[in-house]
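# Reading the structure
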Amino acid sequence: MKNRLLSIPSQSIFVLLLIPALFWPTSLLAQETDAADSVVSTPETVREKAPPEVMGYGYDQDPGSAGDRWLFFGHINGYYTRSDQKGDNTVSGGGFNGMLAPAYRINNRLMVSLLYDGEYYKKRDYYSDKVGPRLRTEHQRHTGTAMLRYRFGPENRLSLRPSIFHTRTYNKDVTGDGWSDGLYNYRDKGGGLDFDYRRRPLGIAGGVYQCGIQYYRREYPNFTSLLDLATGLGIEKDERDYRGILFRGGYISSHEKTLRWAADYYVLHNRLDDKKVVRSDGVLSSKEQRDYLHSLSLRFSFFPAANDILRLGLDLNTSFNRSNQNYYDGMGTINPADDVFLDNYYDYNSYRIRPNLTYTLSRLPLEANLAYSLQKVDYRGRKAQNTDGSYKNSKQYETQQGVTVRLSWFFLKQLTAYLQWDYLDVNSNNDDERIYHYDHTVQNWQAGLSYTF
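Notes on the structure in this doc start here. From a predicted model like this one, the values you see are computed outputs, not experimental measurements. (Residues numbered from 1 in each chain as written. Predicted model: local features only at pLDDT ≥ 70, side-chain atom pairs only at ≥ 80, totals over all residues. Heavy atoms only, no water.)

Looking at where Tyr251 falls in the secondary structure, it is placed in strand 8 (residues 242-252). A sequence separation of 41 residues divides Tyr251 from Gln210, and the C-alpha atoms of the two residues are 6.0 Å apart. Those residues in contact with Tyr251 that lie beyond four places of it in its chain are Arg199, Gly207, Val208, Tyr209, Trp261, Ala262 and Ala263. Among the polar contacts made by the side chain of Tyr251, one reaches the side chain of Arg199 at a distance of 3.0 Å. (Helix = DSSP H or I, 4+ residues; strand = E, 2+ residues; numbered from the N terminus. Contact = heavy atoms within 4.5 Å. Polar contact = N/O pair within 3.5 Å; in protein donor to acceptor, adjacent residues only side chain to side chain.)

Below you can see the structure in the form of structure tokens.
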């Protein structure tokens with residue numbers, strides 16, 4: 001383990017120095033922004049994600065006049081990127097992401113829509129397989145959603161949205177060179193029901209209460225357990241496949257004068273299909289693995305000036321994962337005395353804080369964003385390991401620090417050009433990197449175009 005604070009290389013300092021030089025008084029009246037809007041995200045090691053929210057892009061738009069039957073919402077972003085990892089070669093690549101949502105308004109209460117949400121990128125990217133970080137250089141995800149939105153109640157302030165969706169992901173990660181070979185490729189299919197209540201009619205300042213439930217099944221078509229590969233008996237063959245039930249609830253303040261905020265809480269219950277709980281003697285029990293993930297996010301935006309030129313933000317998140325699964329390590333020997341049993345192996349507590357700043361410049365016009373994030377992950381039952389795989393007496397932990405600097409130029413009403421620099425530094429007290437990259441430092445430089453319609 002390398003005990004270190006965030007250390008930014010000297011060749012990247014010019015990016016940070018660029019921001020203060022751009023801050024001069026302006027008179028541009030920036031568009032109002034809700035606390036829930038994402039200004040700029042900071043990089044992090046990607047953990048296994050739940051399906052995207054089923055509300056759909058543009059669900060909150062005014063459906064227009066009586067003659068506006070067909071509507072079309074969308075956002076497309078494309079970029080070139082260079083990724084540099086400390087101690088490794090630079091990777092040149094790029095990517096795109098976007099949402100396309102055609103909708104048909106049946107009447108002033110009822111609207112049906114289809115949503116495509118997808119992304120592709122080539123860059124250095126780390127994701128967790130629940131044990132440790134793995135490196136991938138290419139990834140793509142595609143989600144299709146069909147949704148019905150029904151508004152009702154006084155002034156149509158209540159909304160109900162049933163939906164069905166399907167997701168496919170592809171990785172170039174552990175095995176093979178083709179997209180279909182990715183060990184951690186997965187498929188999602190499921191449905192959800194979302195409800196929201198507006199304190200005031202659409203288009204008038206006021207908060208929104210939201211809640212929803214989602215059920216889905218996730219399958220990993222290329223993942224077969226080592227136990228099944230060794231025995232051929234079909235034992236835990238599909239050990240990563242599971243059924244998930246997701247409950248959400250939250251509140252979004254809207255168009256407040258100086259302080260806007262949002263809160264979101266969800267609990268995800270995963271029922272694994274074919275993964276048995278291991279006992280302290282190393283024998284599989286008859287119980288299947290069950291996981292519970294609780295997550296609470298708070299987002300605050302403060303506008304010191306009435307014209308929204310300067311925005312100060314603070315994002316807070318805490319997550320708790322609880323599982324009935326344990327871990328039994330035979331240590332590669334035939335002597336049972338060498339074996340190590342760790343209970344609550346997948347239990348962890350995660351805490352994240354992310355201050356951020358946005359400044360809008362009217363003379364060009366430009367928008368400058370700066371964000372810093374600090375995340376700590378503490379494992380409740382997992383012990384850290386030495387370089388040879390032996391176990392330490394201390395529990396494993398992980399610290400992530402990220403910085404993002406972004407400069408955006410709005411040269412057309414719906415078209416934006418931007419430059420962005422991301423820096424991610426991950427540090428763990430687990431020194432066993434024979435399989436996983438617990439300590440890594442990655443930088444990404446991006447130049448892209450974004451179009452919203």
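The structure having been displayed, the exposition proceeds.
Here the focus is the packing of aromatic side chains. Two measures describe an aromatic ring pair: the distance that separates the ring centres and the angle between the ring planes. The final tally for this structure, using the stated rule, is 20 aromatic pairs. Seen from their ring centres, Phe72 and Phe453 are 5.4 Å apart, and the 15° between their planes marks the pair as stacked. Of the two residues, Phe72 is situated in strand 1 (residues 70-85) and Phe453 in the segment after strand 18 (440-452); the sequence distance between them amounts to 381 residues. Residue Phe453 is classed as partly exposed on the basis of its relative accessible area of 24%. The rings of Tyr197, Tyr209, Tyr251 and Trp261 are connected pair by pair, giving a single aromatic cluster. (Phe/Tyr/Trp six-rings, centres within 6.5 Å; stacked < 30°, edge-to-face > 60°. Buried < 20%, exposed > 50% of the residue type's maximum accessible area, 1.4 Å probe, protein only.)

The next thing to look at is unusual backbone geometry. Look at Glu155: it is not a glycine, yet its phi comes out positive at around 55°. Structurally, the position occupied by Glu155 is in the loop between strand 4 (133-152) and strand 5 (158-172). Phi at Met331 takes a positive value of approximately 60°, unusual for a residue other than glycine. In this structure, Met331 sits in the loop between strand 12 (327-329) and strand 13 (340-342).

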